[in-house]
Amino acid sequence: NAGVTQTPKFQVLKTGQSMTLQCAQDMNHNSMYWYRQDPGMGLRLIYYSASEGTTDKGEVPNGYNVSRLNKREFSLRLESAAPSQTSVYFCASSEWKGTLAKNIQYFGAGTRLSVL
Amino acid sequence: AQSVAQPEDQVNVAEGNPLTVKCTYSVSGNPYLFWYVQYPNRGLQFLLKYITGDNLVKGSYGFEAEFNKSQTSFHLKKPSALVSDSALYFCAVREVGDYKLSFGAGTTVTVRA
């Protein structure tokens, strides 16, 4: 039972390079999320997708773009990486049904990104 | 806007002693509250949640949390800590009707043998 799968696990980029972080979930969840985790700052929401076909900005969207490719997959793209984007990135998914959302978010293992 | 505060960066306890991790929240409406745990080099794992009903919520691994509306708190507790409980703990809040969770900065728990 894979849950939420993120690739790659580690990545080192040079300033200005681009890359895409991949995320896939096999739980048939409607909603998917991208967070970044920095020491002492908890998790901050970058973008989210409430359902297939929709995406919205979170708390820290600048420098990122997302694509909800289908119900399973939600990718995060850095067009021109900067050292400030060095972080650990987590993808999550959750069920959303009507007004009483279960909204237990299930997390992937993370991608550790360093931008030099 | 919703927000969460975890006033302690670190909590240190001896194995077998009670463990408490503090959390306070701010929302404009009714809150949904969550605790997650993160072990080294892993993603976050769900521990427990408060949606409605009893103020004392029981979760995984012997953890429980008490919702206190007047103090806007949702402290995580375990009566007898284990060395294996050493991890990073996050409190999170969501307002009814909102898709987004807001996380606290996290509290590192160290349980010494």
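Coordinates for the structure precede this section.
## Here's the deal with the overall build of chain B
Step number 1: If you tally the helices and strands in chain B, you get 0 helices and 12 strands.
Step number 2: Taken against the 2.2 N^0.38 rule, which gives 13 Å for 113 residues, the C-alpha radius of gyration of chain B at 13 Å falls within 12% of a compact globule.
Step number 3: Dimensions of chain B along its principal axes, counting C-alpha atoms only, are 45 × 30 × 20 Å.
Step number 4: Put simply, chain B has 113 residues, and 46% of those count as buried.

## Looking at the overall build of chain A
Step number 1: For chain A, the count of helices and strands is 0 helices and 11 strands.
Step number 2: Listing each helix as α and each strand as β along chain A from the N terminus yields β-β-β-β-β-β-β-β-β-β-β.
Step number 3: In terms of C-alpha radius of gyration, chain A reaches 14 Å, essentially the compact-globule figure of 13 Å for 116 residues.
Step number 4: The proportion of buried residues among the 116 residues of chain A is 51%.
Step number 5: A sequence separation of at least 24 residues applies to 56% of the contacts in chain A between residues at least 6 apart.
Step number 6: Of the roughly 5400 Å² of accessible surface on chain A, a fraction of 51% belongs to carbon and sulfur atoms.
Step number 7: Distance from the positive charge centre (12 side chains) to the negative charge centre (8 side chains) of chain A: 4 Å.

## Describing the sheet that holds strand β7 (residues 64–68) of chain A
Residues and elements named next belong to chain A.
Step number 1: The strand order across the open sheet formed by 4 strands is β1-β3-β8-β7, and the pairing between neighbours is antiparallel. The two strands at the open ends of the sheet, each matched to only one other strand, are β1 (4–7) and β7. Put simply, the sheet's adjacent strands are angled 15 degrees from each other on average, direction ignored.
Step number 2: The pairing of strand β3 (residues 19–25) with strand β8 (residues 74–78) spans 3 bridges and is antiparallel. Counted as the bridge partner of Leu-21 is Leu-76 from β8.

## As for the interface of chain B and chain A
Step number 1: Facing the 22 residues of chain B at the interface are 24 residues of chain A.
Step number 2: A buried area of about 1800 Å², summed over both sides, lies between chain B and chain A, and 60% of it is on carbon and sulfur atoms.
Step number 3: The interface formed by chain B and chain A contains 0 salt bridges.
Step number 4: Elements represented by at least two residues in the side of chain B that touches chain A include exactly β5 (31–38), β6 (44–50) and β10 (87–95) of chain B.
Step number 5: Of the residues belonging to the side of chain B that touches chain A, the class tally is 12 nonpolar, 5 polar and 5 charged.

## Considering the pairing of strand β5 (residues 43–49) of chain A
Residues and elements named next belong to chain A.
Step number 1: The buried count for β5 comes to 7 of 7 residues, which makes it a mostly enclosed element.
Step number 2: Remark: 5 residues form the turn of the hairpin made by strand β4 (residues 31–37) and β5, two consecutive strands paired antiparallel; Gly-40 in that turn has positive phi of roughly 75 degrees.
Step number 3: Note that β5 and strand β6 (residues 56–57) share 2 bridges and pair antiparallel. By the bridge assignment for β6, Tyr-48 is matched with Asp-56.
Step number 4: Count of turn residues in the β5/β6 antiparallel hairpin: 6 residues, of which Gly-53 carries a positive phi of about 95 degrees.

Basis of the calculations
- Residues numbered from 1 in each chain as written.
- Chains lettered and ligands numbered in written order.
- Predicted model: local features only at pLDDT ≥ 70, side-chain atom pairs only at ≥ 80, totals over all residues.
- Heavy atoms only, no water.
- Helix = DSSP H or I, 4+ residues; strand = E, 2+ residues; numbered from the N terminus.
- Rg over C-alpha atoms; globule rule 2.2 N^0.38 Å.
- Buried < 20%, exposed > 50% of the residue type's maximum accessible area, 1.4 Å probe, protein only.
- Contact = heavy atoms within 4.5 Å.
- Areas by Shrake-Rupley, 256 points an atom, 1.4 Å probe, with all protein chains shown as cover.
- Lys, Arg positive; Asp, Glu negative; His and termini not counted.
- Charge placed at Lys NZ, Arg CZ, Asp CG, Glu CD.
- Pairing = 2+ DSSP bridges.
- Axes fitted to C-alpha atoms, helices over the stretch in contact; angles between N-to-C directions.
- Buried area = accessible area lost by both parts, 1.4 Å probe.
- Salt bridge = Lys/Arg side-chain N within 4 Å of Asp/Glu carboxyl O.
- Nonpolar A, V, L, I, M, F, W, Y, C, P; charged D, E, K, R; others polar.

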